Amino acid sequence: MKRLIIAFITWMLVGVTVTAAWAAGPAKPVIEAEMPDCYSYIGGSGITLYTNASASDGGTLKYQWYVTDIENMAMIRAIDYAEGDSYQVPEELGVKWYCYAAWNVAGGAESEPTYSRLIRVEFYENNPVHIHSFGQWMVTTEPTCEESGIKTRECDCGVTERAEVPAVGHHWDAGTITREPTPKADGEKTYSCLVCKATMTEPVKYSGSLEGDNDEKKQR
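Residues numbered from 1 in each chain as written. Predicted model: local features only at pLDDT ≥ 70, side-chain atom pairs only at ≥ 80, totals over all residues. Heavy atoms only, no water.

Student: So what exactly am I meant to see when it comes to the packing of aromatic side chains here?
Tutor: Aromatic rings in a pair are described by how distant their centres are and how their planes are angled relative to each other. On inspection of all chains with the given rule, the structure shows six aromatic pairs. Seen from their ring centres, Trp-65 and Tyr-100 are 5.0 Å apart, and the 55 degrees between their planes marks the pair as tilted. Taken together, the residues Trp-65 in strand S5 (residues 60–68) and Tyr-100 in strand S8 (residues 94–106) connect sequence positions 35 residues apart. There is no split in this pair, since Trp-65 and Tyr-100 are both buried. Each member of the aromatic cluster is reached from another via a ring pair, and the members are Tyr-63, Trp-65, Tyr-87, Tyr-98 and Tyr-100. Across the ring face of Trp-103, the terminal group of Lys-62 is positioned such that the distance to the ring centre comes to 5.5 Å. The aromatic ring of Trp-137 is capped on one face by Lys-151, whose charged end is 4.7 Å from the ring centroid. (Phe/Tyr/Trp six-rings, centres within 6.5 Å; stacked < 30°, edge-to-face > 60°. Helix = DSSP H or I, 4+ residues; strand = E, 2+ residues; numbered from the N terminus. Buried < 20%, exposed > 50% of the residue type's maximum accessible area, 1.4 Å probe, protein only. Lys NZ or Arg CZ within 6 Å of the ring centre and 35° of its normal.)

Student: Is there a simple way to explain the sheet that holds strand S16 (residues 187–192) in this structure?
Tutor: Whenever strands of a sheet pair, they do so through backbone hydrogen bonds, lying parallel or antiparallel. Judged by pairing direction, the sheet is antiparallel, and its three strands sit side by side in the order S15-S16-S17 without closing on themselves. Edge positions in the sheet fall to strand S15 (176–179) and strand S17 (199–204), since each has one partner strand and no second. Pairwise comparison of adjacent strand axes, ignoring direction, gives a mean angle of 35 degrees for this sheet. In the sheet, S15 pairs with S16 via three bridges, with the strands oriented antiparallel. Looking across to S16, one finds that Thr-176 is bridged to Thr-190. (Pairing = 2+ DSSP bridges. Axes fitted to C-alpha atoms, helices over the stretch in contact; angles between N-to-C directions.)

Student: Where do I start with the pattern of salt bridges in this structure?
Tutor: Pairing of side chains with opposite charge becomes possible as their charged atoms draw close. Under the criterion given, the structure shown has 10 salt bridges. Taking the shortest distance from any N to any O, the salt bridge between Asp-69 and Lys-96 comes out at 2.7 Å. Placement of the pair is Asp-69 in the loop between S5 and strand S6 (77–78) and Lys-96 in strand S8, with a sequence separation of 27 residues. On the basis of relative accessibility, which here comes to 21%, the residue Asp-69 falls in the partly exposed class. The salt bridge involving Asp-186 is made with Lys-205; its shortest N-O contact spans 3.1 Å. One end of the pair, Asp-186, is in the loop between S15 and S16; the other, Lys-205, is in the loop between S17 and helix H2 (210–219), and 19 residues separate them in sequence. You can call Asp-186 partly exposed: its relative accessible area is 32%. One salt-bridge network, in which partners are shared between bridges, spans Asp-69, Arg-77, Glu-92 and Lys-96. (Salt bridge = Lys/Arg side-chain N within 4 Å of Asp/Glu carboxyl O.)

Written out as C-alpha cells, the structure reads:
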C-alpha cells in the first residue's frame, strides 16, 4: 500500500512539473553564431544572409528579416515577405544594415523573439582600386534633448553613409523653490530646460536649526 501511495505522489509531482513547464511556453531561441559584415561590388556574386538559431525544446523556428539605413536597432523596419532562414540582399549601391528575429513555435504557442546583431552590408562599384573618400558629415535630422538625430556623408562614387547623432541632453536652469521645506516634510525645487522647456523636480531638505525648531514649538 505504501508503494502505491509513493508511486501516486511521484506521478502527481511529475504531472505538476510538466504542466508548469508547458505553461511557461516555448523556450526562447538561441542564436548560435552571428553573420559577419558583408561586402560586394554591383554585378558580383551577390550577398545572401543566413540565420543560425536553435530552440532547446525542439520547437519550430520562424523568422522575420529587417533593414535599416543607419546602425541603430531602434530604426529597423520589417522587410515584406522576408520570412525564411536566409535572405538575398538586393543590389543597391551604398550601405545598409540587416538583422533577423527568430521565434520558437511549439504546441500552438509562440516564444518571445530573439534578435540577431545588425549586419553591415555594402555594395560598391566594380572598381577594386577605389577607396572611399567621404565628404564632411551633414546633419540631416537635428537631435533633440532626448532623441538622437541622423547625419550623412557621401563619397564621390555615390556611396552614402548614415550615422546617429546623440541626443544633446537637457540644459537645466538654476531651479526655483516651488514648495518650501518644513520640519515635517521635504520641499521641492523645479528645474526647466532652457531648450525644450521640459521640467524636473528634486526634493529640498529642511535645513533649520534645532534652536529655531524649539523656539517655534514654544511659540505654539
